[in-house]
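Report on the structure
Read off the chains here:
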Amino acid sequence: MEHASSSFWNIFQKKHKVVHCEVGDPPGIEIKNLTVTYPQNTVISGLTCHFDIPSLWAIVGPNGGGKSTLLRALLGLQQPTTGKVIFRNFCPCDVAYLAQQNQLDRRFPLTVGDTIAMGLFREVGIFRRYTKEQRGKMQAALEQVGLASFAKTPLQALSGGQFQRVLFARLILQDAPVIFLDEPFTGVDTRTIADLMKLVHVWVQEKRLVIAVLHDTALVNEHFPNTLLLARQFYRKGSTEKVLTKANIQSMIETSQAWEAMIGEGPHG
Amino acid sequence: MVDFFISPFADYIFLRRALMACMALALGCGPVGVLLVLRRMSLMGDALSHAILPGAAIGFLIGGLSLPAMGLGGFVVGFIVASLSGVISRFTILNEDASFAGFYLISLALGVLIISTQGSQVDLMHILFGTILAVDNTSLFMVTGITTFTLCILAIIYRPLLIECFDPGFLRVIGGWGGMYHFLFLVLVALNLVAAFQALGTLMALGMMMLPAVSSRLWARHVWSLFLFSSFFAVLSGYFGLLLSYHLEWPSGPSIILMAGLIYGVSLLIAPFGALKRQQGRD
């Protein structure tokens, strides 16, 4: 949850441009020597990486290793200390972002239909009614996530897995070429994970770039061809089988133990 | 019956004015309160309402007991406090609620000090607890004007404001000016607190927003129906509060808030999502 009046303060501040947009080849996200520093510690240092469109990436790493910070930096919500992020052939508003589930109030008085309709906000704007075609799209999205008859159901009546399906339906409606998922399967049952993973594969077939922050390495091994292993200054990128090796995971654990021993209680990335 | 429920308002023009002011307040505060609860900003509303006091005190020094002068002062200072707390929580380790609490205690103390050194005890009581029975035409215009403005703005920004309430990150990512809606909403909160301030005083101004809003949460499941319930409860508490205060010679502000409290208590017991019937809502 964003703090209420700090976002109020944000609008008085001139935002630095974090993300640069370019036209060129290959389309995707290029990260050059990215460093993000919080007052107490450096969370990402010297990260250079490239995500192509289309492809499917997992970001794996310990708590506080900079996974969410990286997504926030890519979204322009977090100012990097040094380095550059370049979006080739798409602009920041073409990114669809699924935040961690605990950031949303599941008792908020909206129906499933209201919630997924947000995905069309850029199309309909503030005043316009939803057209018949758009309503059709909404119904189709609900069917795709297996909630065909739930349009009028209040959010608070949903289980954790169903709630996550709703958020995926909203992502479908956003129809974005780049999709970021921050721990999308935390607290979600295995059947829902299987269904939602199918959807993720469909997105990649539709020529989108999907980047997911995940904890479950078995799931990553099974479904994700590419992985970025991120533990602050230590990172490995590339095909999952080459990245998720015992040696790499061991050095990731050692790095994270080193900083935990040094800092104790610090803010988490 | 008629004697009890209607005659007081038919006989006395000051009661009629007070009733009108309450109705106008209720219509504006109802929806704003619901949004405040949904955004989990109750504490911020509390802080803002207390922060209005020193501004109102300065207005009082300049213009005497006039709502426009005190209202303007309150609005300006309330805003400064809200933004300062935001800055403090951004640049220090303090959470926003803690910095708010710090600021509103300071402003409360400052306001009381200004009024008691420059005015009388009676003035202080008026400002702290409100003087709804002394509503004149100017204040009535001001309150109804604020309500009209509030409802119009809410109607215009309804869709993006709700998205911003539910998922603040979402609008920011899709480039939807989330900060601006948040800012407009804060302006509405401050304006309605200023309007409520004459009726209920700075100490209880928030009551007309919060109590009907939390009660409505126990009755309805959609944002529009929450708005309706909340405004309806606020109107009810205004009417019965004034009635009680007339018949029992209770002070009007506390009577209104206590009626709102009574509605809340009853809602807890009998409402569909109240304490006794809570079966469907999952955590």
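Residues numbered from 1 in each chain as written. Chains lettered and ligands numbered in written order. Predicted model: local features only at pLDDT ≥ 70, side-chain atom pairs only at ≥ 80, totals over all residues. Heavy atoms only, no water.

**Examining the overall build of chain B**
What counts here: Strands here are runs of E lasting at least two residues and helices are runs of H or I lasting at least four, both read from the DSSP assignment and numbered beginning at the N terminus. With the radius of gyration taken over C-alpha atoms, the globule rule is written as 2.2 Å times the number of residues to the power 0.38.
Counting secondary structure elements, chain B contains 13 helices and 0 strands. Secondary structure elements in chain B, listed N-terminal to C-terminal, are α-α-α-α-α-α-α-α-α-α-α-α-α. Computed over C-alpha atoms, the radius of gyration of chain B comes to 19 Å, within 12% of the 19 Å expected from 2.2 N^0.38 for 283 residues, which places it in the range of a compact globule. Oriented by its inertia axes, the alpha-carbon framework of chain B measures out at about 55 × 45 × 30 Å.

**Things to note about the packing of aromatic side chains**
Our working rule: Within 6.5 Å between ring centres, the rings of Phe, Tyr and Trp (the latter by its six-membered ring) count as paired, and their orientation is classed by plane angle as stacked under 30 degrees, edge-to-face over 60, tilted in between. For the exposure calls, accessible area comes from a 1.4 Å probe over protein chains only, and a residue counts as buried if that area is under 20% of its type's maximum, exposed if over 50%, partly exposed in between. Only Lys NZ and Arg CZ are tested; either one counts as a charge over a ring when it is within 6 Å of the ring centre and within 35 degrees of the ring normal.
If you walk through the whole model with that rule in mind, you get 18 aromatic pairs over all chains. Judged by centre distance (5.8 Å) and plane angle (40°), the rings of Phe229(B) and Phe233(B) are tilted. One end of the pair, Phe229(B), and the other, Phe233(B), are both in helix H12 (residues 223-248), 4 residues apart, so they sit about a helical turn from each other. Look at Phe233(B) and you get buried, because its relative accessible area is 7%. Taken together, the ring pairs in this structure connect Phe4(B), Phe5(B), Phe9(B), Tyr239(B) and Phe240(B) into an aromatic cluster. Seen from the ring of Phe163(A), Arg106(A) lies directly overhead, with NZ or CZ sitting 5.6 Å from the centre. The ring of Phe170(B) carries Arg170(A) above its face, with NZ or CZ at 4.1 Å from the centroid.

**Regarding the pairing of strand E8 (residues 209-214) of chain A**
Residue and element names in this part refer to chain A. Threshold: Any two strands with at least two DSSP-identified bridges between them are counted as paired. If you view a crossover with the strands going away from you and the path from the first strand over the helix to the second runs clockwise, you call it right-handed.
Of all the 6 residues making up E8, 6 are buried; the element is thus mostly covered by neighbouring parts of the structure. Side chains Leu-209, Ile-211 and Val-213 project from E8 onto one buried face, and the interleaved Val-210, Ala-212 and Leu-214 project onto a second face that is buried too. Sheet analysis places strand E4 (residues 55-60) next to E8, joined by 6 bridges and oriented parallel. Across the sheet, the residue bridging to Ile-59 is Val-213, located in E8. Taken together, the 5 bridges between strand E7 (residues 178-182) and E8 define a ladder with parallel strand orientation. Within E8, the residue paired with Leu-181 across the bridge is Ala-212. Where the polypeptide runs from E7 across helix H7 (residues 190-205) and back to E8, its parallel neighbour, the crossover connection is right-handed.

**Side note on the layout of surface pockets**
Under the convention used in this document: Throughout, the protein atoms alone are placed on a 1 Å grid, and a set of points is a cavity if a 1.4 Å probe fits but cannot get out or a pocket if it is open with protein on both sides within 12 Å along at least five of seven lines; lining residues have an atom within 4 Å of a point. Grid points are joined across faces, edges and corners, and a volume is the space filled by probe spheres set on the points. Gly counts as polar in this scheme, as do all residues outside two lists: the nonpolar Ala, Val, Leu, Ile, Met, Phe, Trp, Tyr, Cys and Pro, and the charged Asp, Glu, Lys and Arg.
Roughly 780 Å³ of internal volume is contained in the second largest pocket. The wall of the second largest pocket is formed by 26 residues, among which Thr111(A), Gly113(A), Asp114(A), Ala117(A) and Tyr130(A) lie closest to the centre. Broken down by secondary-structure element, the contributors of at least two residues to the lining of the second largest pocket are helix H3 (112-117) and helix H5 (132-144) of chain A together with helix H8 (137-166) and H12 of chain B. The element best represented in the lining of the second largest pocket is H8(B), accounting for 6 residues. Grouping the amino acids of the lining of the second largest pocket by side-chain chemistry returns 18 nonpolar, 4 polar and 4 charged.

**A short note on the pattern of salt bridges**
Inclusion rule: Any Lys or Arg side-chain nitrogen located within 4 Å of an Asp or Glu carboxyl oxygen qualifies as a salt bridge.
Tallying each qualifying case throughout the model produces 10 salt bridges over all chains. Across the pair Arg208(A) and Asp175(A) runs a salt bridge whose closest N-O atoms are separated by 3.0 Å. With Arg208(A) in the loop between H7 and E8 and Asp175(A) in the loop between helix H6 (160-174) and E7, this residue pair connects regions lying 33 residues apart in the sequence. A salt bridge links Arg39(B) to Glu164(B), with the shortest nitrogen-to-oxygen separation between them at 2.9 Å. With Arg39(B) in the loop between helix H3 (13-38) and helix H4 (42-63) and Glu164(B) in helix H8, this residue pair connects regions lying 125 residues apart in the sequence. Several salt bridges share partner residues, and in doing so they unite Glu22(A), Glu30(A) and Arg88(A) into one network.

**Looking at the nonpolar core**
Note the cut-off: Residues grouped as a nonpolar core are buried Ala, Val, Leu, Ile, Met, Phe, Trp, Tyr and Cys residues, joined through side-chain atoms within 4.5 Å.
Within the largest apolar cluster, 143 residues are counted, with the highest numbers of intra-cluster contacts made by Phe168(A), Leu181(A) and Trp203(A). A per-element tally of this core places helix H10 (residues 178-204) of chain B first, with 16 residues. The next biggest cluster of nonpolar side chains, apart from the first, holds 35 residues, and it includes Phe51(A), Phe90(A), Tyr97(A) and Phe180(A).

**Notes on the sheet that holds strand E2 (residues 28-37) of chain A**
Residues and elements named next belong to chain A. In plain terms, the rule: Only the contacting stretch of a helix is used when fitting its axis, a line to C-alpha atoms as for every element, and angles between N-to-C directions run 0 to 180 degrees. When checking whether two residues touch, look at their non-hydrogen atoms; a contact exists if any pair is within 4.5 Å.
Strand order in the open sheet formed by 4 strands is E1-E5-E2-E3, with mixed pairing between adjacent strands. Here the strands that pair on one side only, and so sit at the sheet edges, are strand E1 (19-22) and strand E3 (42-52). Here the strands of the sheet are splayed against their neighbours by 20° on average, with no regard to which way each runs. Examined bridge by bridge, E2 and strand E5 (residues 82-88) share 6 bridges and lie antiparallel to one another. Considered in E5, the bridge of Lys-32 is made with Lys-84. Sitting on the sheet, helix H2 (residues 67-74) touches E1, E2, E3 and E5, and the angle it makes with E2 is about 120°.

**As for a nonpolar patch on the surface**
Residues and elements named next belong to chain B. Stated precisely, the cut-off is as follows: Each patch is built from salt-bridge-free residues with over 30% relative accessible area, joining like charges within 9 Å and nonpolar side chains (Val, Leu, Ile, Met, Phe, Trp, Tyr) within 5 Å. The Shrake-Rupley method, run with a 1.4 Å probe sphere, supplies the accessible areas, and residue values consider only the shown protein chains as cover.
Residues Tyr-12, Ile-13, Phe-14, Leu-133 and Tyr-246 make up a contiguous nonpolar surface patch of about 420 Å² in total accessible area. Here Ile-13 lies in helix H3. Of the residues examined, Ile-13 reaches a relative accessible area of 48% and is grouped as partly exposed.

**Considerations on H7(A)**
Residue and element names in this part refer to chain A. Threshold: Between the first and last residue of a helix there are one fewer steps than residues, each counted as 1.5 Å, and that sum is the expected span. Read the arc as the range of directions from the helix axis to the C-beta atoms.
With 16 residues, H7 ought to run about 22 Å at 1.5 Å a step, and its terminal C-alpha atoms sit 23 Å apart, in line with that. Of the positions making up H7, those classed as buried are Thr-192, Ile-193, Leu-196, Met-197, Leu-199, Val-200, Trp-203 and Val-204. For H7, the buried positions fall inside an angular range of 160° around the axis, keeping them on one side. Of the residues in H7, the exposed ones pointing more than 90 degrees away from the buried face are Arg-191, Lys-198 and Gln-205. Contacts from the buried residues of H7 go to E4, H5, H6, E7, E8 and helix H8 (217-223). A positive phi of about 70° marks Lys-207, the residue just after H7.

Shape descriptors only; they carry no functional weight alone.
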